[in-house]
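One letter stands for each residue in the lines below.
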Amino acid sequence: MSERDDPGVIGRRVQQLRVARGLTQKQLAEPAYTPAYISTLESGRVRPSDDALRHLADRLGVGFDELATGRPAHLVTDLRLRLTEAQRTLATGEAEESAEQYARLLAEADALDLADVRAAALLGLGECAVETGELGAAREYFERAEQALGADVPLPARVPALRGRALSHYLAGELRYCVYLLESTLDELNRGGLHDPDALLLLYASVIGPYMDMGAHARAAQAAELALALAPQSGDPALVARMHRSVARTLLAEGRLAEADASLAKAAELYRRLQLRTELANCHWMRGYVYAQNGELERAEGELRQALAMLSAKRAALYSSQAAVELADVLHRRGKSEEAAALLHDVLSDLSPERGALHSAAAHRLLGIIAEDARDTEAAEEHYVRALSLLERAGAAGDLADLCRLLGDLLRRTGRVEAALDAYRTGLGHRTAPGTTTLGPAPAQPPL
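What counts and what doesn't
Residues numbered from 1 in each chain as written. Predicted model: local features only at pLDDT ≥ 70, side-chain atom pairs only at ≥ 80, totals over all residues. Heavy atoms only, no water. Helix = DSSP H or I, 4+ residues; strand = E, 2+ residues; numbered from the N terminus. Buried < 20%, exposed > 50% of the residue type's maximum accessible area, 1.4 Å probe, protein only. Areas by Shrake-Rupley, 256 points an atom, 1.4 Å probe, with all protein chains shown as cover. Contact = heavy atoms within 4.5 Å. 1 Å grid on protein atoms, 1.4 Å probe; cavity = no way out; pocket = protein on both sides within 12 Å on 5 of 7 lines; lining within 4 Å. Points joined across faces, edges and corners; volume = space filled by probe spheres on them. Nonpolar A, V, L, I, M, F, W, Y, C, P; charged D, E, K, R; others polar. Phe/Tyr/Trp six-rings, centres within 6.5 Å; stacked < 30°, edge-to-face > 60°. Salt bridge = Lys/Arg side-chain N within 4 Å of Asp/Glu carboxyl O. Axes fitted to C-alpha atoms, helices over the stretch in contact; angles between N-to-C directions. Parallel < 35°, antiparallel > 145°, perpendicular 65-115°, else oblique. Left-handed = near helix turned anticlockwise from the far one by under 90°. Core = buried A, V, L, I, M, F, W, Y, C linked by side-chain atoms within 4.5 Å. pLDDT = per-residue confidence, 0-100.

This brings us to the overall build of the protein. Tallying secondary structure elements over the protein gives 23 helices and zero strands in all. For the protein, buried positions account for 50% of its 448 residues. Accessible area for the protein stands at about 20500 Å²; split by element, carbon and sulfur atoms hold 50% of it.

Here's what the structure looks like:
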């Protein structure tokens, strides 16, 4: 909410409401204040305290915010109701429709100078832009949301915008900067004693993918376990949120604005948790990865299938690609290569070089391995070369080194020794590139 109006404007408003209700200055003042104080206030010569405004609002039969700002309370509550509607639309996967709702809310928040509604609308527009793959626009919306909140707002309240900015960098292939943003925020929260479970859950779940792409598997596993330990137990958040929205509508119609606001706040929190289920799917994916590395393929398949089941179809392009590639790898190792290849082709149909280059490269790499096992060296080489091009564009040095080894081995087996040596040399160059996967000290942890 923006700051209250200046004393002169408030004074005129008090006088107009008093006269309209047929009250004298003495009747308005009693029992807590004097008629002289009301006269001074109405002339704009004194700035009323919050207690004085609450007394006057009660006597005049209006809300505190309406008296302080001139905005009817039901107008602000109605905007918050529409914010939860936009959240619901996004949570169910309709990003474009949700963006239209948020854009209208942003325009109204700007016109009314409502900072909290403006920040929420900008955050929603950023999340919609991520869903539709407009990463540059998403980053700009998240930055504007941070600015709208202001530096004096507690850090946990700024975490969704910070995390959104980090996610937009990650999806654009800027891994190190993404990890820097997430780790520095985690460190500040934990060292400052700001152990907000939802904020920490959001950050730990979001850092898993970047860690994995950088080869920091131990940190990814630790982040996954911390996220799962922090996961809120809210039953079916969509069902409970719908109930709170319905209750809010009823309360609003009855004029019970404070109670309606409380129901809307609960609905908004539950929709945020509903979106967190997407992040928690990454934690199950991480567990599946760990099981696969330990050779527990059946358990790995179960965790990875659960991760995919938790992701909605419309989020597959940006959120489930890693889990799908890992599941395909496990399926191939379990002898289910046809199912694995079909899954990988689905991943590639959803992605492009601009959106999800790293995951596309991983899919081509695994398709190359499957083709090699099937003695189709031509198809294997084609997939390896495509993966190499994508990884070079993204600068994923660790993955490039491994891919160059696979390509080199294939070329050597088919008698192209000189080309194989070139591939090996390229891989060695990437393997020794300084600073490709090294990270600083791990961020401080919450006291779980």
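Looking at helix 4 (residues 50–60), one finds that the buried residues are A52, L53, H55, L56, A57 and L60. On the buried face of helix 4, the contacting elements are helix 1 (7–20), helix 2 (25–29), helix 3 (35–42) and helix 5 (64–69). Where helix 4 terminates, the next one or two residues include G61, which has phi positive at roughly 75 degrees.

What follows covers empty space enclosed by the protein. Taken as a whole and judged by the stated rule, the model has two cavities of 30 Å³ or more. Residue lining of the second largest cavity: L186, Y204, V207, Y211, R219, Q222, A223, L226, A442, P443, A444 and Q445, and that is the complete set. Listing elements by their share of the lining of the second largest cavity, those giving two or more residues are helix 12 (197–213) and helix 13 (217–230). The element that contributes the greatest number of residues to the lining of the second largest cavity is helix 13, accounting for four residues. Of the residues belonging to the lining of the second largest cavity, the class tally is nine nonpolar, two polar and one charged.

Looking along the chain, the bond that leaves E30 and enters P31 is cis, with omega of 0 degrees. You can see P31 is positioned in the loop between helix 2 and helix 3.

Describing an aromatic ring pair means giving the distance of the ring centres and the angle of the ring planes. In this structure the tally under the stated criterion is two aromatic pairs. Seen from their ring centres, Y33 and Y37 are 5.1 Å apart, and the 20 degrees between their planes marks the pair as stacked. Accessibility expressed as a relative area gives 23% for Y33, which makes it partly exposed. Residue class for Y37 comes out partly exposed when judged on its relative accessible area of 21%.

Oppositely charged side chains can form a pair if their charged atoms are brought close together. Enumeration over the complete set of coordinates arrives at 23 salt bridges. The salt bridge partner of D110 is R118, with a shortest N-O separation of 2.7 Å. Since its relative accessible area comes to 40%, D110 is described here as partly exposed. One salt bridge connects D187 with R191, and the closest N-O pair in it is separated by 2.9 Å. Here D187 and its partner R191 are both found in helix 11 (residues 175–191), four residues apart, which amounts to about one turn of the helix. For D187, a relative accessible area of 21% gives the class partly exposed. Within the structure, one salt-bridge network assembled from shared partners comprises E301, R305, R334, K336 and E339.

This part covers the packing of helix 11 against helix 12. Their axes nearest at 10 Å, the elements helix 11 and helix 12 cross at an angle of 150 degrees. Here helix 12 runs roughly antiparallel to helix 11, going by the angle between their axes. At the point where helix 11 passes helix 12, the crossing takes the left-handed sense. Contact residues: L175, C178, V179, L182, E183, T185, L186, L189 and N190 in helix 11; A199, L200, L203, Y204, S206, V207, P210, Y211 and D213 in helix 12. Broken down by class, the residue content of the contact of helix 11 with helix 12 amounts to 13 nonpolar, three polar and two charged.

This part covers the side chain of R165. By the element assignment, R165 lies in helix 10 (residues 155–171). In contact with R165, not counting residues within four places along its chain, are R139, F142, E143, E146, Y177 and L181.

This part takes up the nonpolar core. Y102, Y204, I208, W285, M286, L344 and Y384 are the most contacted members of the largest nonpolar core, which has 107 residues in total. The biggest single contributor to this core is helix 12, with 11 residues. The residues contacting M286, other than those within four sequence positions of it, are I208, M212, H217, A220, A221 and A224. Core analysis: the second largest hydrophobic core is formed by 14 residues, V14, A29, L56 and L60 among them.

In the predicted model, the protein carries a mean pLDDT of 80, and the fraction of residues at 70 or more is 81%. Within the protein, the lowest mean pLDDT, 53, falls on helix 17 (residues 316–319), and the highest, 93, falls on helix 9 (residues 135–149). A low-confidence stretch, residues 432–438 stays under pLDDT 50, and its non-local contacts, those more than four residues away or across chains, total eight contacts.

Axis separation between helix 9 and helix 10 bottoms out at 9 Å; the angle between their running directions is 160 degrees. Put simply, helix 9 runs roughly antiparallel to helix 10. Helix 9 and helix 10 meet at a crossing whose hand is left-handed. Listed contacts from helix 10 to L135, A138, R139, F142, E143, A145, E146 and L149 of helix 9 are A157, R158, A161, L162, G164, R165, S168, H169 and L171.

This part takes up the environment of A199. With respect to the helices, strands and loops of the structure, A199 is situated in helix 12. Along the sequence, A199 and L186 sit 13 residues apart, while their C-alpha atoms lie 8.9 Å from each other. Setting aside anything within four residues of it in sequence, one finds A199 in contact with P156, V159 and L189.

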